[in-house]
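# A look at the structure
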Amino acid sequence: MVRVLKKEVHETKRNEILDVALKLLYSKGYNRMTIQDILDELQISKGAFYHYFDSKAEVLEALVERMVVEQVEPMLLTVVQDPHLTALEKLQRYFDTAVRWKTSEKTLMIQLVKVWYSDQNALARQKMLNMMVEYVTPLFIEIINQGVREGTFTVLYPEYVSQVIINLVQPLGDAFARMLLSEEAMHDQTLHRAEMMITAYNDSVERILGAPKGSIHLMDTESLKEWFPSNDGLPNLTQAVTEEAGIPGSRNP
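The model shown is predicted, which means the values in this text are computed figures rather than measured ones.

### Notes on the overall build of the protein chain
Secondary structure summary: the protein chain contains 11 helices and zero strands in total. In sequence order, the protein chain lays out its α and β elements as α-α-α-α-α-α-α-α-α-α-α. A buried classification covers 43% of the 253 residues belonging to the protein chain. For the protein chain, the exposed area adds up to about 14,000 Å²; of that, 54% sits on carbon and sulfur atoms.

Shown next as structure tokens:
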């Protein structure tokens with residue numbers, strides 16, 4: 001009983017740190033947020049902080065994992081476990097749900113892109129990828145198995161095919177991240193390039209699964225426009241990143 005109570009207290013304190021860190025991420029940004037900011041908000045000592053986390057980077061990793069477990073996984077499970085949906089419908093809703101969630105958390109996603117895609121954080125990025133694969137793989141396997149039973153997908157090894165798809169789609173996320181961080185992220189040609197990449201990946205996933213042509217859409221055009229706005233005076237991610245870091249920026253006319 002004592003051990004259970006200690007675990008509950010530990011989780012409560014740990015979540016308090018994560019709650020404050022999340023608030024600071026939105027108000028100050030990752031680079032400007034310091035461990036001292038967290039200490040000041042919670043009125044705790046450095047020793048108390050380091051009892052739960054070794055670094056600011058570890059706090060960010062824990063935040064992402066908590067969001068995946070508490071927000072993303074339940075939403076995706078609802079889709080996967082819906083008895084009224086076909087496998088193809090589940091797969092499409094899976095992608096749609098993931099895209100909607102990322103778009104709704106765009107401010108946080110900007111922080112993650114900026115942090116993870118700096119050279120010194122390659123290890124942290126790989127660690128987060130491994131975590132996502134761990135959560136996502138069982139869901140993909142379940143959908144693919146259903147698709148095979150329904151005759152929609154023609155694969156022999158669902159478990160390995162799910163890993164192939166995950167490893168195929170990941171570089172798309174990497175490419176988008178680098179495009180978003182580039183100074184050309186707001187140009188029409190960047191949106192067109194993103195659309196072409198999505199089309200190519202749609203086709204690849206369909207071929208791997210043996211799914212009907214045109215049946216899978218990893219991301220729709222309207223969602224792409226949320227991330228790659230055309231040159232119409234709207235701020236792009238590069239501007240958001242530089243302004244958050246305290247670097248003067250300017251909007252394109």
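From this point, the narrative continues.
### What about the side chain of Thr137?
Note that Thr137 resides in helix α7 (residues 122-150). With sequence-adjacent residues up to four places away left out, Thr137 is seen in contact with Ser162, Gln163 and Ile166.

### As for helix α2 (residues 35-42)
Because each turn of an α-helix spans 3.6 residues, side chains separated by three or four positions end up pointing in the same direction. Inspection of α2 places Ile35, Asp37, Ile38 and Leu39 among the buried residues, and these make up the whole buried set. Once α2 ends, the next one or two residues include Gln43, with phi positive near 55 degrees.

### Here's the deal with unusual backbone geometry
With a phi angle near 55 degrees, Gln43 is a residue other than glycine that sits in the positive phi range. In this fold, Gln43 is placed in the loop between α2 and α3 (46-50).

### Overview of the packing of helix α4 (residues 56-80) against helix α6 (residues 106-116)
Two elements in contact, α4 and α6, have axes whose closest approach is 12 Å; the angle formed by their N-to-C orientations is 135 degrees. Relative to α6, the element α4 lies oblique. Like other packed secondary-structure pairs, α4 and α6 cross with a definite hand, here left-handed. Between α4 and α6, the residues in contact are Leu60, Val64 and Met67 and Leu108, Leu112, Val115 and Trp116, respectively.

### Considering the packing of α4 against helix α5 (residues 87-104)
Axis separation between α4 and α5 bottoms out at 9 Å; the angle between their running directions is 155 degrees. In terms of axis orientation, α4 runs roughly antiparallel to α5. Where α4 crosses over α5, the handedness of that crossing is right-handed. Contacts between α4 and α5 involve Met67, Gln71, Val72, Met75, Leu76, Val79 and Val80 on the former and, on the latter, Lys90, Arg93, Tyr94, Thr97, Ala98 and Trp101.

### Some points on the nonpolar core
The biggest cluster of nonpolar side chains holds 70 residues, and the ones touching the most others in it are Tyr94, Phe153, Phe176, Leu209, Ile216 and Phe228. With 10 residues, the single largest contributor to this core is α4. The residues touching Tyr94, leaving out its near neighbours within four places in the chain, are Leu76, Val79, Val80, Val136, Leu139, Phe140 and Ile143.

### Observations regarding the pattern of salt bridges
Enumeration over the complete set of coordinates arrives at six salt bridges. When the shortest N-O distance is used, the salt bridge between Arg66 and Asp19 registers 2.9 Å. Taken together, the positions of Arg66 in helix α4 and Asp19 in helix α1 (residues 2-27) put the pair 47 residues apart, joining distant regions of the chain. For Arg66, a relative accessible area of 14% puts it in the buried group. Here the residues in one salt-bridge network are Asp203, Arg207 and Lys213, joined through shared partners.

### Regarding the environment of Ala98
Tracing the chain through its elements places Ala98 in helix α5. Residue class for Ala98 comes out partly exposed when judged on its relative accessible area of 23%. Through-space distance from the C-alpha of Ala98 to that of Leu218 is 9.5 Å; in sequence the pair is 120 residues apart.

### Some remarks on the packing of aromatic side chains
Here the structure, examined in full by the defined rule, presents six aromatic pairs. Judged by centre distance (5.4 Å) and plane angle (75 degrees), the ring pair of Phe176 and Phe228 falls under edge-to-face. Of this pair, Phe176 sits in helix α8 (residues 158-181) while Phe228 sits in the loop between α10 (221-227) and α11 (237-244); the two residues are 52 residues apart in sequence, bridging distant segments of the chain. The structure contains a cluster of three or more aromatic residues connected by ring pairs, namely Phe49, Tyr50 and Phe53. Lys56 extends its terminal NZ or CZ atom over the ring of Tyr30, reaching a point 4.3 Å from the ring centre. It is Lys106 that lies over the ring of Trp227; its NZ or CZ is 5.2 Å from the centre.

### Here we look at the confidence of the model for the protein chain
The predicted coordinates should not be examined in detail at positions where pLDDT is low. For the protein chain, the average pLDDT comes to 82, and 84% of its residues sit at 70 or higher. Confidence scores differ between elements of the protein chain, with α11 showing the lowest mean pLDDT of 42 and α2 the highest of 94.

What counts, and where the lines are drawn
Residues numbered from 1 in each chain as written. Predicted model: local features only at pLDDT ≥ 70, side-chain atom pairs only at ≥ 80, totals over all residues. Heavy atoms only, no water. Helix = DSSP H or I, 4+ residues; strand = E, 2+ residues; numbered from the N terminus. Buried < 20%, exposed > 50% of the residue type's maximum accessible area, 1.4 Å probe, protein only. Areas by Shrake-Rupley, 256 points an atom, 1.4 Å probe, with all protein chains shown as cover. Contact = heavy atoms within 4.5 Å. Axes fitted to C-alpha atoms, helices over the stretch in contact; angles between N-to-C directions. Parallel < 35°, antiparallel > 145°, perpendicular 65-115°, else oblique. Left-handed = near helix turned anticlockwise from the far one by under 90°. Core = buried A, V, L, I, M, F, W, Y, C linked by side-chain atoms within 4.5 Å. Salt bridge = Lys/Arg side-chain N within 4 Å of Asp/Glu carboxyl O. Phe/Tyr/Trp six-rings, centres within 6.5 Å; stacked < 30°, edge-to-face > 60°. Lys NZ or Arg CZ within 6 Å of the ring centre and 35° of its normal. pLDDT = per-residue confidence, 0-100.

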